[in-house]
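Topology and contacts: notes
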Amino acid sequence: MRKTKKQVETVSEYIQSFPKDVQSLLEKMRQTIQKAAPGAVEAISYQMPTFKLNGKNLVHFAAFKSHIGFYPIPSGIEAFKKELVPYKQGKGSAQFPFDKPIPYGLVKKIVAFRVKENLKKTGGKGKE
């Protein structure tokens, strides 16, 4: 699916490594997360776009053959279990298929939940 298998170092490089239609979905996911977690910083972790807050991973996302994977760790999935019922899930992940609208509003709510969780654990400090 990706145009290249080369290791990427930035979220922008990651997004640009996909076809245009997938790039637009990834960019919208990125913007949704940025709005919900304005203090978070971008990184590449586990070869996926990652947002970190206070030095801790907040959420990851990635594109696959037929879906966007969203990884808000198990607590983010557990807290929104009912809303995520229509989507395939793993212990700390949800899959949003390309052939259905991506639930950006739900992504925003989950990220906001993860921000609160992060701030509780880290004592509410600023950026990394």
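A brief structural summary. Starting afresh in each chain, residues are numbered from 1 along the sequence in its written order. Owing to the predicted nature of the model, reporting of local features is limited to residues with pLDDT of at least 70; listing and counting of side-chain atom pairs is limited to 80 or more, with chain, interface and lining totals taken over all residues. Hydrogens and water molecules were not included; the side-chain quantities draw on all heavy atoms of the structure.

**Side note on helix α2 (residues 20-36)**
The end-to-end C-alpha separation of α2 is 24 Å, in line with the 24 Å expected for 17 residues at 1.5 Å each. Burial classification: accessible surface area is computed with a 1.4 Å probe over protein chains only, and a residue below 20% of its type maximum counts as buried, one above 50% as exposed, and the rest as partly exposed. Helix numbers and strand numbers start at the N terminus; a helix is a DSSP run of H or I with at least 4 residues, a strand a run of E with at least 2. Residues Val22, Gln23, Leu26, Met29, Arg30, Thr32, Ile33 and Ala36 constitute the buried set of α2. Take the residue count of a helix, subtract one, and multiply by 1.5 Å to get its expected span.

**Some details on the sheet that holds strand β1 (residues 41-45)**
Pairing is antiparallel across the open sheet formed by 6 strands, whose spatial order is β1-β2-β3-β4-β6-β5. Only two strands of the sheet have a single neighbouring strand rather than two, namely β1 and β5 (88-89). DSSP bridges decide pairing: two strands pair if at least two such bridges lie between them. Bridge analysis of strand β2 (residues 48-53) against strand β3 (residues 56-63) gives 4 bridges, and the strand direction is antiparallel. Looking at β3, one finds that phenylalanine 51 is bridged to valine 59. Strand contacts of α2: β1, β2, β3, β4 (67-71) and β6 (94-97), with the helix running at about 160° to β3, the strand carrying the most contacts. We call two residues in contact whenever any of their non-hydrogen atoms come within 4.5 Å of each other. Structural elements are reduced to axes, namely lines fitted to C-alpha atoms, with helices fitted over the stretch in contact, and the angle between N-to-C directions of any two is expressed from 0 to 180 degrees.

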